[in-house]
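# Structure assessment
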Amino acid sequence: MESNAMPALCDLDSLRQLQEGLEGFIRGLDHPVVVEDDIELFDLTSAQWRLGVEFGKLVFEAWSPARSIVWRVEGVARRDRGLIRVVVRKRAAAESGLLEFRGLGFAERTESVAPPLDRARFRLEFLSMLEREFPEWRLERVSHRSDREHSFSAWYTRGWARRGGTAWAFLGLSEAETPAAADAALAFGLIWLDWLRTRSDGVSVPGLRLFLPRGAAEVTAHRAAHLDRQAVEMEIFEWSLSDSSFAPQPPERVDLCDYGNVETRLVPRLDRQALAERHREFVRGLLGDLLRRVDLVPDPSGRFLSLRVRGLAIARVEGDLDPRVYFGLEGNTQKLDSGNRTEFRALVEGVLKLRRAPGGDTSHAFYRLQGERWLESLLIGDISKIDPALSPDCVYPQVPAFSGPACSEGHRGVIDVLGTTRGLRLGTGNRLAVIELKLCEEINLPLQGLDYWLRVKWLGQRSQFKQFGYFPGIELANEPPLLYLVSPAFRFHSTTGRVIRYFDPSIEIIQVGLNDQWREGIKVLFRRALRDSPP
């Protein structure tokens, strides 16, 4: 049974009613789980969770020893027996998303509810197009059902097109799917191809054909241009569902030779240390002896100074001649004035007390929020903790770089950590290194890392880092950058290695697995170069 989306929640009574309704629904399920885009995020029978009203907002939190999530609940989109879908917004996110609370196994019983009906229509038209455009090929193993065991997603219609002893893996995506589905199309396509090759029964599967809407095709083509052409033949087509008033449109093949060189604009690095020094005495007047326990982190653009405790931003200072301070967690900040200085200091003291390891409160939001920033703050102090080959001298977190046509704001990417090797051999420069951090399983991690590798390579080839003030006094090697993928050892997705072995061999990737208790001290459990031959 469907219900209309709730109006905006604007009073405490409505928030409390929604809180009670959601809590009652979740606790009434035999085995509740949290799901986003058909991916199970948490099993609520083993993870901890809470719903609470904070600062006039209803907030849902869930956490385990390995990860945590925090969302603002904005309303109910759909309710059914065994499932409730709510509209949520992540902290500082520009757009809302959907989160589902449902009983374990509910998805398998409801494949034909509203969203999959659109997928069924897409599958029908997609297969009709394939039969029309490739009549000599027989379509087999076609499905759009989710299969978590093999990492197949319901976002896509997949199958293979067979002719004699040869078959091509194919995957199609509707333009009605989420941006996350468009971003992950190549990863899921390679996983599907890899699975088919291991079960082909003597049939040769030389490559993969992707049929994607325009925006997804462009992003995917840039990545596909850097796959190993000896390992996989790639064909990408732009195609979308036809409007009923027009004749069906044929797919348009993308020329991969036009892609792969990602024009990028780097944000100039102003003298960040000077920015911190200009405000140090001002901040000391606010914090006193607490200053030595708080990090002063200049924004990469040089526009403001962020005050952080183990990566968690708790305040920022804006303006040079007349500094203004805004404090509080992201999305709930207030301007500092004479009337709330006690509140500001209490916030700083509370975060310092709760956000520490060992000894912190692992159930408190101050401890759980922005885990990747916490890890980043530890690595910035000494990046050689993950590899002795990396130089601790110049390391830059959260480097913004813009790419795409005219390097527009809409194509912003933020590199987690940018550094260099030590350049130990006489006459060699320091080699650029891109470090991508993740604390939870992420199928698309290798492709996201590849995006940043492409941008850094483009900038390095054009000496842009020197021009914009990065790595002063350091000679950079004329070599492609290294790519480090860093995560707790048991939080790499099982498909990570399978996807990476299809990358061009010129891309050197180092996988670094850390201990789960990295907050108490970083230990490298393994460090290995990822380069195996695909089947």
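Look up a bit, the structure's there.
Now for a description of the structure that goes with this document.

Rules behind the numbers
Residues numbered from 1 in each chain as written. Predicted model: local features only at pLDDT ≥ 70, side-chain atom pairs only at ≥ 80, totals over all residues. Heavy atoms only, no water. Pairing = 2+ DSSP bridges. Helix = DSSP H or I, 4+ residues; strand = E, 2+ residues; numbered from the N terminus. Axes fitted to C-alpha atoms, helices over the stretch in contact; angles between N-to-C directions. Buried < 20%, exposed > 50% of the residue type's maximum accessible area, 1.4 Å probe, protein only. Salt bridge = Lys/Arg side-chain N within 4 Å of Asp/Glu carboxyl O. Phe/Tyr/Trp six-rings, centres within 6.5 Å; stacked < 30°, edge-to-face > 60°. Lys NZ or Arg CZ within 6 Å of the ring centre and 35° of its normal. Core = buried A, V, L, I, M, F, W, Y, C linked by side-chain atoms within 4.5 Å. Contact = heavy atoms within 4.5 Å. Expected span 1.5 Å × (residues − 1).

### Describing the sheet that holds strand 1 (residues 32-36)
One open sheet accounts for seven strands, arranged 2-1-7-6-5-4-3; its pairing is antiparallel. Strands with a single pairing partner mark the edges of an open sheet, and in this sheet they are strand 2 (39-43) and strand 3 (48-54). In this sheet, adjacent strand axes meet at a mean angle of 35° when their direction is disregarded. In terms of strand pairing, strand 3 meets strand 4 (residues 57-63) through seven bridges, oriented antiparallel. Its bridge partner lying in strand 4, Glu54 is registered against Lys57.

### Examining the pairing of strand 24 (residues 509-514)
Side-chain direction in a regular strand flips from residue to residue, so the side chains alternate between the two faces of the sheet. Most of strand 24 sits inside the fold, with six of its six residues counted as buried. Burial of the side chains of strand 24 extends over both faces: Ile509, Gln511 and Gly513 are buried on one face and Ile510, Val512 and Leu514 on the other. As paired elements, strand 24 and strand 25 (residues 524-529) share five bridges and run antiparallel to each other. Residue Gln511 lies in a different strand from strand 25, and its bridge partner there is Arg528.

### Remarks on the pattern of salt bridges
Side chains that differ in sign of charge can pair as their charged atoms come close. The tally for this structure, following the rule as stated, stands at 27 salt bridges. As a salt-bridge pair, Glu61 and Arg50 come within 2.4 Å of each other at their nearest N and O atoms. Note that Glu61 is positioned in strand 4 and Arg50 in strand 3, a separation of eleven residues in sequence. Glu61 gets classed as buried once you look at its relative accessible area, which sits at 3%. Using a relative accessible area of 30% as the deciding quantity, one classes Arg50 as partly exposed. For Arg121, the salt bridge goes to Glu125, with nearest N and O atoms at 3.3 Å.

### Details of the packing of aromatic side chains
Going through the model one piece at a time under the given rule, you end up with 24 aromatic pairs. Pairing Phe126 with Trp239 gives two aromatic rings, centres 5.8 Å apart and planes at 40°, and the pair type is tilted. With Phe126 in helix 3 (residues 114-133) and Trp239 in the loop between strand 12 (233-238) and strand 13 (252-253), the pair connects residues that are 113 residues apart, well separated along the chain. Take Phe126: its relative accessible area is 0%, and that puts it in the buried class. Ring centres of Tyr367 and Trp374 lie 5.2 Å apart, and the angle between their planes is 75°; this geometry places the pair in the edge-to-face category. Across the pair, exposure class does not vary: Tyr367 and Trp374 are buried alike. By way of ring pairs, the aromatic residues Phe122, Phe126, Phe134, Phe170, Phe211, Phe237 and Trp239 are connected into one cluster. The ring of Trp168 carries the charged tip of Arg209 above its face, separated from the ring centre by 4.2 Å. For Arg316, the ring lying beneath its charged end belongs to Phe304, and the centroid distance is 5.9 Å.

### Here we look at the nonpolar core
Counting residues in each nonpolar core, the largest one holds 69 residues, and the members touching the most others are Tyr156, Met234, Ile236, Phe465 and Phe471. Residue contributions to this core peak at ten residues, all from helix 5 (residues 185-197). Sequence-distant contacts of Tyr156, that is, excluding residues within four places in its chain, are made with Ser143, His144, Leu171, Gly172, Leu173, Ala181, Ala184, Ala185 and Phe188. Leu286, Leu287, Val294 and Leu352 belong to the second largest nonpolar core, which has 30 residues in total.

### Observations concerning the environment of Ser204
Summarising the element assignment, Ser204 is placed in the loop between helix 5 and strand 11 (207-212). Judged by its relative accessible area of 38%, Ser204 is partly exposed. When the C-alpha atoms of Ser204 and Gly165 are compared, they prove to be 6.2 Å apart, with 39 residues separating the residues in sequence. If near-sequence neighbours (up to four positions away) are discounted, Ser204 is found in contact with Gly165, Thr166 and Ala167.

### Here's the deal with helix 11 (residues 445-461)
The first and last C-alpha atoms of helix 11 sit 24 Å apart over 17 residues, in line with the 24 Å expected at 1.5 Å per residue. For helix 11, a buried count of 14 out of 17 residues is recorded, marking the element as mostly surrounded by other parts of the structure. Note on helix 11: the residue one or two positions beyond its end, Ser463, has a positive phi of about 55°.

These figures come from the coordinates and say nothing about function on their own.
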